[in-house]
Amino acid sequence: AQRVTQPEKLLSVFKGAPVELKCNYSYSGSPELFWYVQYSRQRLQLLLRHISRESIKGFTADLNKGETSFHLKKPFAQEEDSAMYYCALIRWDDKIIFGKGTRLHILP
Amino acid sequence: NAGVTQTPKFQVLKTGQSMTLQCAQDMNHNSMYWYRQDPGMGLRLIYYSASEGTTDKGEVPNGYNVSRLNKREFSLRLESAAPSQTSVYFCASSPRPPSYGYTFGSGTRLTVV
């Protein structure tokens, strides 16, 4: 069964500390993975795609096929990073499966 | 460049009332989706439409109907609202394949009392 697991519902990190939001997936085949971000009461926005290997707002994510993980990382947290983060994968039928999300809270 | 536009932004319904949530996209996308977002549950797919004239059930379709009116518009109807349908509803669209993911609307916050 295809599944995206985000084990942390809430992650609190001090400003300036490193951030790692965990994402594990279950999918038979080569997945396309994304991270979405949702700032307070706003729409979901695409943050990263694994195939583009880009860094957006200082965030990076590396696909680890051996561990079936796609963790989101940032070396130094900023207060404006406080938001809800969703990991997602594209299924074979073009539907996206979302994890349940992790709320990132940056402490001053 | 509007992207995906949803109306209304907020709505309060009484149990048993009906309403239609509207969604329109101007990106010439083939696929459109309706999700509901609930605390601790993430995003759950209600219905989707792979192309004009086609619709299919998602994970939680009960109590909802949809209409893909044309390529731009995809509406979600609650025929007889229930308190369990209190949620934030998001419409999204994508090309096929969705290599850049989905583009989301700003959401409709619905309360059923």
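Quick notes on the rules
- Residues numbered from 1 in each chain as written.
- Chains lettered and ligands numbered in written order.
- Predicted model: local features only at pLDDT ≥ 70, side-chain atom pairs only at ≥ 80, totals over all residues.
- Heavy atoms only, no water.
- Helix = DSSP H or I, 4+ residues; strand = E, 2+ residues; numbered from the N terminus.
- Rg over C-alpha atoms; globule rule 2.2 N^0.38 Å.
- Buried < 20%, exposed > 50% of the residue type's maximum accessible area, 1.4 Å probe, protein only.
- Contact = heavy atoms within 4.5 Å.
- Areas by Shrake-Rupley, 256 points an atom, 1.4 Å probe, with all protein chains shown as cover.
- Lys, Arg positive; Asp, Glu negative; His and termini not counted.
- Charge placed at Lys NZ, Arg CZ, Asp CG, Glu CD.
- Core = buried A, V, L, I, M, F, W, Y, C linked by side-chain atoms within 4.5 Å.
- Buried area = accessible area lost by both parts, 1.4 Å probe.
- Salt bridge = Lys/Arg side-chain N within 4 Å of Asp/Glu carboxyl O.
- Polar contact = N/O pair within 3.5 Å; in protein donor to acceptor, adjacent residues only side chain to side chain.
- Nonpolar A, V, L, I, M, F, W, Y, C, P; charged D, E, K, R; others polar.
- Disulfide = S-S within 2.5 Å.

Caption draft 1: Examining the overall build of chain A more closely. Looking only at helices and strands, one finds zero helices and 11 strands in chain A. Compactness check: chain A gives a C-alpha radius of gyration of 13 Å against a globular reference of 13 Å for 108 residues, within 12% of the reference. Summarising its shape, the C-alpha atoms of chain A cover approximately 40 × 30 × 25 Å along the three principal directions. Residues counted as buried form 46% of the 108 residues belonging to chain A. In chain A, of all internal contacts separated by at least 6 residues, the share reaching a separation of at least 24 is 56%. Surface accessibility of chain A: about 5600 Å² in total, with carbon and sulfur atoms responsible for 51%. Of the charged side chains in chain A, 16 are positive and 11 negative; the average position of the first set lies 5 Å away from that of the second.

Caption draft 2: Focus on the nonpolar core. Ranked by internal contacts, the top residues of the largest apolar core, which has 26 residues, are A:Leu21, A:Trp35, A:Leu47, A:Leu72, A:Tyr85 and A:Leu104. Here the element with the most residues in this core is strand β9 (residues 83-90) of chain A; it accounts for four residues. Core analysis: the next-biggest nonpolar cluster, separate from the first, contains 20 residues, B:Tyr47, B:Phe74, B:Leu78 and B:Ala81 among them.

Caption draft 3: How the structure looks around the interface of chain B and chain A. Counting residues at the interface gives 22 residues for chain B and 20 residues for chain A. The contact between chain B and chain A buries some 1800 Å² in all, and 52% of this surface belongs to carbon and sulfur atoms. Of all residues in chain B, B:Leu43, B:Tyr102 and B:Phe104 bury the most surface against chain A, accounting for 25% of the area lost on that side. Between chain B and chain A we count one salt bridge in total. Counting across the interface, chain B meets chain A through 10 residue pairs in polar contact (both at pLDDT 80 or more). Going through the elements one at a time, β4 (31-38) and β5 (42-49) of chain B are the ones with two or more residues in the side of chain B that touches chain A. By residue number, the principal contributor to the side of chain B that touches chain A is β5(B), which donates four residues. Classifying every residue of the side of chain B that touches chain A by side-chain character gives 13 nonpolar, seven polar and two charged.

Caption draft 4: Region of the structure containing the environment of A:Leu11. Residues and elements named next belong to chain A. Among the structural elements, Leu 11 can be located in strand β2 (residues 10-14). Taking the C-alpha atoms as reference points, Leu 11 and Arg 43, 32 residues apart in sequence, are found 21 Å from one another. Apart from the residues within four sequence positions on either side, Leu 11 is in contact with Val 19, Glu 20, Leu 21, Thr 102, Arg 103, Leu 104 and His 105.

Caption draft 5: Layout of the state of the cysteines. Counted according to the given criterion, the structure contains two disulfides over all chains. Residue pairing for A:Cys23: its cysteine sulfur links by disulfide to A:Cys87, the two sulfurs lying 2.0 Å apart. Sign of the S-S torsion, about -65° for the bond between A:Cys23 and A:Cys87, identifies this disulfide as left-handed. On the criterion of sequence distance, the pair formed by A:Cys23 in the loop between β3 (19-21) and β4 (24-26) and A:Cys87 in strand β9 is long-range, its members being 64 residues apart. The residues A:Cys23 and A:Cys87 share a single accessibility class, namely buried. The disulfide that involves B:Cys23 links it to B:Cys91, with 1.9 Å between the sulfurs. An S-S torsion of about -75° defines the bridge between B:Cys23 and B:Cys91 as left-handed. Placement of B:Cys23 in strand β3 (residues 19-25) and of B:Cys91 in strand β9 (residues 87-94) is noted, with a sequence separation of 68 residues between them. Accessibility expressed as a relative area gives 3% for B:Cys23, which makes it buried.

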